[in-house]
Amino acid sequence: MKAIHYMKQIFAGLLLSTVALSTHALTLLDAKSESLSGGKERVTLMFDAAPVSVSTYKITQPPQLVVDVPNASTSFSEQVLSGNLRSLSVVDGGSKLRAIINMNSSYQHESYVQGNNVVIDFMTGASKKVTQIQPTYLRKPITASTSRGAQSNEIQSIDFKTGENGSGVVVIETGSGAKTEIDQMGARIELLVKNAFLPQRLRKRFDVNDFSTPVSYFTATQEGPNVLVTVYPQGNYDYFGFQMGDSYSVNVSPITLEELEEQTEEEIVYSGEKLNFNFQDIPVRQVLQIIADINNKNLVVGDNVSGNVTLRLVDVPWDQALDLILKSNNLDKLEKGNILFVAPTDEIVEQKTKKLKTNQEIKELSPLRTEFFEVNYAKASDLLQLIRESKFSSDRGTALADERTNTLIISDTEDKLEEIRRMLGRVDVSVRQVLIEARMVLANESFSQALGVNWGAVNIYGDQKVSVNSASIDLSAPGATTSVALGISDLASGLLELEITAQEQVGNGEVISSPKILTSDKMQASISSGTQIPFTTVSDGGTNTQFIDAVLALDVTPQITPDGSIIMDIAFSNDSPQLLDTGQIGIDTNELITQVLVENGQTVVLGGIYTEDVQESVAKTPILGDIPLLGHLFRRSVESTSKRELLVFITPKLVEKGVF
């Protein structure tokens, strides 16, 4: 025990000897930022004397540049910067001053000492390439916002192009005042443009797989007041987004598996107590023991751990220092509670493999249990197919569906039964329902008037006044409802008759058809009502009678969005039989097919047709009808006007309980 206590005192002395006591020769007086030409931004740290040296290193998530100036101190802690450089934080580290510059993204930089100042130039322009990027699946949400008013932006265009090193770039014309958020959601990248409008022509899927980039395809949709652009990459990739002028670009570039592993390692967050190490050719076992003693860890070291190590680490978390020591000596660790086990990497991998294999064997030998799952809302047969296709059951397990009781009968291990139970809890839920009411209004208005004359002349002779010669001009108004007759008689020569006829007709009609139907989310529903009209055809094979539907029909498939709106694929028709002038029966058709996004309870006009028919006709007696003024006595004029207007409305309503 005394020997151990003595060794602890020796190593504690080694640690204390590494702490250098120094006086502050420099003082940071002020800091400023400014924009330069050529896409550069500059940060200047102003001291009371010339710094001897300066060192920098970059942190990529969040994007930061760390500037260390030895033998310096400061009197302030934080300052807000401008442009793409957000803020400056200053920490007095005892033997050095550390300045942390927070950036909007990772930029190339150049640092140098100029007189009493430390100058850092950042290449923030679009022509400069961003060199350090983090892997997409670990990236935290990035918010890029610019000052603007409440007026909405309209997306002008969405384009795709290839970039450097096989990258794919999605370019969205958002406008210079757009507020955007970019994030990685599972296997896709989502760009949200806030308070923006997406024209209908851009609401679609863009297939870009032929460009041989990591981007397979991307979609653009209107999500309430925002526009959502979703990028679907493939393979190992990295991405970043940036605003340049009126355009926002999402750059997706391919990366190798090695680069992916390196970036994953860079994302490890170390939270241990910061220590200083300064050892020369010290055995690895002794360094591990020192770290374990400082952190009150129980240490177990494998027999094959050997070798020496030279360290000089300043202000480094102990867990990061431990990882560096292990990796530099091809070692790895296992932690369980307060026990730290260190051995060569091959041994650790072998132990983990054996453990996984043992666990797999235990699962394979686990006893089978049979459980009955009562299905409430879905069909048991559908869920049975889902279980088989998704491989929820093990190779030893069996699954059956009883359609009569809508029950699943599953025999499997306890772990698999628990997985199936959780899955059923997610998918066997009540489906929201939508009541859809359509209304078609067909309005007709007609007006016609006609004016005509009828001339007659009769010659008579003898006591019986028998007519031997007669003449007439019949230009009567068709369907005349009013007539005025005038006769001029001369018993010696005959009778002259004049009849003026007139007709006027006004008609108004309105037809309202209002089908309604209740259906579940994403389930197609149809309703129709009408008649079947027989049509007979005669051929060499005989007489064939075919029935044609003339019905009012509504066919709709709703989709409820997360915000409570309803997307509907609608096919609406209203056909009715009509008697033609030939005496045959025809079908008057009105049809509408469309897709529309409507808020819950809102009524929208899907479409409309307006027709107006104006006709004028004149019949007259040759020559006599062309005489000015008097010619009206030898004419028949007919004027008619008909108007028809068709409007189709739709109103969807979410129904909590399926009644209406």
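Note that the structure is a prediction, hence the values are computed from the model and not measured.

The rules behind each value
- Residues numbered from 1 in each chain as written.
- Predicted model: local features only at pLDDT ≥ 70, side-chain atom pairs only at ≥ 80, totals over all residues.
- Heavy atoms only, no water.
- Buried < 20%, exposed > 50% of the residue type's maximum accessible area, 1.4 Å probe, protein only.
- Helix = DSSP H or I, 4+ residues; strand = E, 2+ residues; numbered from the N terminus.
- Pairing = 2+ DSSP bridges.
- Contact = heavy atoms within 4.5 Å.
- Salt bridge = Lys/Arg side-chain N within 4 Å of Asp/Glu carboxyl O.
- Axes fitted to C-alpha atoms, helices over the stretch in contact; angles between N-to-C directions.
- Phe/Tyr/Trp six-rings, centres within 6.5 Å; stacked < 30°, edge-to-face > 60°.
- Lys NZ or Arg CZ within 6 Å of the ring centre and 35° of its normal.
- Expected span 1.5 Å × (residues − 1).
- Arc of directions from axis to C-beta.
- Parallel < 35°, antiparallel > 145°, perpendicular 65-115°, else oblique.
- Left-handed = near helix turned anticlockwise from the far one by under 90°.
- Nonpolar A, V, L, I, M, F, W, Y, C, P; charged D, E, K, R; others polar.

Our next topic: the pairing of strand S14 (residues 168-173). With five of its six residues buried, S14 lies for the most part within the structure. One ladder, built from five bridges, connects strand S13 (residues 158-162) with S14; its direction is antiparallel. Bridge pairing in S14 places Phe160 opposite Val170. As paired elements, S14 and strand S22 (residues 247-254) share six bridges and run antiparallel to each other. Across the sheet, residue Val170 finds its bridge partner in S22, namely Val250.

On to the environment of Ile120. Looking at the element boundaries, Ile120 is found in strand S10 (residues 117-123). The exposure class assigned to Ile120 is buried, which follows from its relative accessible area of 0%. Residues Ile120 and Leu45, 75 residues apart in the sequence, show an inter-C-alpha distance of 8.5 Å. The residues contacting Ile120, other than those within four sequence positions of it, are Glu41, Arg42, Val43, Leu45, Leu65, Val67, Ile101, His109, Glu110 and Ser111.

Here we come to the pattern of salt bridges. Counted according to the given criterion, the structure contains 16 salt bridges. Residue Glu190 is joined to Arg188 by a salt bridge in which the shortest nitrogen-to-oxygen separation is 2.9 Å. A salt bridge links Glu350 to Lys354, with the shortest nitrogen-to-oxygen separation between them at 3.4 Å. With Glu350 and Lys354 both in helix H5 (residues 345-365), this residue pair falls four residues apart, about one helical turn.

Attention now goes to the sheet that holds strand S36 (residues 525-539). Strand order in the open sheet formed by four strands is S36-S37-S38-S41, with antiparallel pairing between adjacent strands. Single-partner strands in this sheet number two, and they are S36 and strand S41 (591-598). Each strand axis lies, on average, 20 degrees off the axis of its neighbour in the sheet, ignoring direction.

The tally for this structure, following the rule as stated, stands at four aromatic pairs. Pairing Phe160 with Phe211 gives two aromatic rings, centres 5.1 Å apart and planes at 65 degrees, and the pair type is edge-to-face. Here the residue Phe160 occupies a position in strand S13, and Phe211 occupies one in the loop between strand S18 (205-207) and strand S19 (215-223), the gap between them amounting to 51 residues. The rings of Phe160, Phe206, Phe211 and Phe218 are connected pair by pair, giving a single aromatic cluster. Positioned above the aromatic ring of Tyr217, the side-chain terminus of Arg205 is 3.7 Å from the ring centre.

This brings us to helix H7 (residues 414-427). For the α-helix, the turn length of 3.6 residues means that residues three or four positions removed from each other point alike. Over its 14 residues, H7 extends 20 Å from the first C-alpha to the last, a length consistent with the 20 Å expected when each residue adds 1.5 Å. All buried positions along H7 are accounted for by Leu417, Ile420, Met423 and Leu424. The buried side chains of H7 occupy one side of the element, clustering within an arc of 125 degrees when seen end-on. When the buried face of H7 is taken as reference, the exposed residues oriented beyond 90 degrees from it are Gly425 and Arg426. Turning to H7, the residues buried within the fold contact strand S28 (369-374), helix H6 (380-389) and strand S30 (407-412).

Time to look at the packing of H6 against H7. The geometry of a pair of packed helices is captured by two quantities: the angle between their axes and the separation between those axes. The contact between H6 and H7 brings their axes to 12 Å, and the two run at 130 degrees. Judged by the angle between their axes, H6 and H7 are oblique. In terms of crossing hand, the pair formed by H6 and H7 is right-handed. Of the residues in H7, those touching H6 at Leu383, Leu386 and Ile387 are Ile420, Met423, Leu424 and Val427. Counted by class, the contact of H6 with H7 contains seven nonpolar, no polar and no charged residues.

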